[in-house]
Structure formats: structure tokens, C-alpha cells
Amino acid sequence: MQRIYLIRHGRTVANQQNLCCGKSDVPLSPEGLSALRKLAAGGGYPNPEGKRLITSGMQRTEQTLEALFGQREHEVEPAFREMDYGVFELQSYDQLKTREDYQQWQSGDRARNRCPGGESGEDVANRVRPAFDALLADGRDAIVITHGGIMAAIMSDLYPDSSMERYQWQGENGKGWCIDFENGKPVKSEPLPDPFLNEERTLGKKWAWVSMGIVLASLGAVMLAAYSAMEQTHREPLWFVVA
């Protein structure tokens, strides 16, 4: 069994402003860095020991790696860089919506439509596929800090018959997927962060935690009711309180 983790970098100012941002090497925003640290403190990410650590080499993936796992030696694979938006780079929808070249790019087959001076979704998939195949051929578990468009390309390639739209695979910033492989084929995928990641990841174990939560919640409700009854018993008469 081989396990590969795909994690999207934290939020940048470009993300916050909804800009087309691919080849631009922008850093995480202060808010994005803070959100990553909160996610890391909550747990549910893989233990990096003994695993290959890989980034796209862009600032936002380098900073995400450090925020989640600390400063560690790692590999850089440029094939995992985000899609190149060409002439649309670092522009918002409001800036682009009236442009004829943008409208043409958005119409028809968006997977094959190439951004002027940039890439298409198909170009990205063709760029990423050999690098991901090399990860599988290596056989070791790996953590890849990458970009939304890259995750969408990989996951839609792994699950071509899924009902999920391509963009849904990219996940939120700082989150991603844990995929188990057997003989190079995906057998299970679950979202990250996952509080059960480093435990026995079975439905039964998860339901055991849910059941425990229900029991604790019920016990809390009983104790609260008992406390309220005691308060009512020892409360002074209304006339005395008013007087």
C-alpha cells in the first residue's frame, strides 16, 4: 500500500481578491499563514517522518510546508506548479469579463481552451501526469504541497467517472486529499485534514468516536438538568428577591 497526500497551499492576497494567479510567485497573506497554523494546531495532517516531501518550489508552497510541518529538507518539482494564465494573470473577473479573448476562453471546452500566452487544463494535465506517475513508480509515501489547479488535474485524472466537477477536486486552501494506492491504482481517498488519519482509519472506529460523543453530550445534558433543579430548589422566593 502506498499513500500520497496532496495539500493545497494557504491563502494569498491573490486568492482573497479572486485574481487569476498561476505563474506569479506570490507569498501567503498574513491571514493565510495564520489560518494554516490554526489548521496545523488542530491536527489531522500526516506525520512527515519517513515520507518524501515535495513542493512546487513557489513561495506559497514553501511557506505552507513550513507552517504545517516546520523547516524540513524537501524536493522541488516544477511540474506541480499552478496553471499559467497567460495574459489573464493577476487580473480579476471584473477586469476580464468584458474582454473578448476571456469570453472565448470561458466558452466551449474549457479543458482544451488555452489562455492566450498560457496553458489549458489539458496542458496542465499533460505536464503533471508524468511527474505524478513517477511518484507512484517510486513506491514511497509522499506529501505534495501544490496548487488547486494541479490537485484538480490529478484527482479528475484518477477518478474520471466521478460525478464531482473538476474544480471541486481542488479543495480549500490548506486542505487536500489522502489517496491510498495498490499497484498504482487508487483504492481509497479521504479529505485532509482528517482527525483519524494516524489511527485505524475505518468506519467502525469513526462511529465509535461518534457514539462516545453522543454519550458525553447526553451525560452533559443530564448534569445540566440536575444543576438547574438544584438551583430552583435553593432559589429564594420571588417576593424576597424583589424586596
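Only a predicted model underlies this, so the values are computations on that prediction, with no experimental measurement involved.

Observations regarding the overall build of the protein
Consideration 1: For the protein, the helix and strand inventory stands at 9 helices and 6 strands.
Consideration 2: Within the span of the protein, comprising 243 residues, buried residues form 39% of the whole.
Consideration 3: The long-range share in the protein, meaning contacts at least 24 apart out of those at least 6 apart in sequence, stands at 66%.
Consideration 4: Per element, the accessible surface of the protein, about 13,900 Å² overall, is 53% carbon and sulfur.

Remarks on the pattern of salt bridges
When the charged atoms of two side chains with opposite charge come close together, those side chains can pair.
Consideration 1: Using the criterion set out here, one finds 13 salt bridges in the structure.
Consideration 2: Between Asp94 and Lys97 there is a salt bridge, and its shortest N-O distance comes to 3.6 Å.
Consideration 3: Overall, Lys97 belongs to the partly exposed group, its relative accessible area being 37%.
Consideration 4: A salt bridge links Asp123 to Arg114; the shortest N-O distance between them is 2.7 Å.

Remarks on the environment of Gly118
Consideration 1: In this fold, Gly118 is placed in the loop between helix H5 (100–106) and helix H6 (121–138).
Consideration 2: Along the chain, Gly118 and Val87 lie 31 residues apart, while their C-alpha atoms are 7.2 Å from each other.
Consideration 3: When near neighbours in sequence (up to four residues on either side) are disregarded, Gly118 contacts Asp84, Tyr85 and Gly86.

Remarks on the sheet that holds strand S4 (residues 142–146)
Consideration 1: The 6 strands lie next to each other as S3-S2-S4-S1-S5-S6, forming an open sheet whose pairing is mixed. Lying at the two open borders of the sheet, with one neighbouring strand each, are strand S3 (75–76) and strand S6 (185–192).
Consideration 2: Pairing geometry for strand S1 (residues 2–8) and strand S5 (residues 176–182), over 6 bridges, is antiparallel. Following the sheet pairing, Gln2 is matched in S5 by Phe181.
Consideration 3: Relative to S1, H6 is tilted by about 145 degrees, and along the sheet it contacts S1, strand S2 (52–55), S4 and S5.

The rules we used
- Residues numbered from 1 in each chain as written.
- Predicted model: local features only at pLDDT ≥ 70, side-chain atom pairs only at ≥ 80, totals over all residues.
- Heavy atoms only, no water.
- Helix = DSSP H or I, 4+ residues; strand = E, 2+ residues; numbered from the N terminus.
- Buried < 20%, exposed > 50% of the residue type's maximum accessible area, 1.4 Å probe, protein only.
- Contact = heavy atoms within 4.5 Å.
- Areas by Shrake-Rupley, 256 points an atom, 1.4 Å probe, with all protein chains shown as cover.
- Salt bridge = Lys/Arg side-chain N within 4 Å of Asp/Glu carboxyl O.
- Pairing = 2+ DSSP bridges.
- Axes fitted to C-alpha atoms, helices over the stretch in contact; angles between N-to-C directions.

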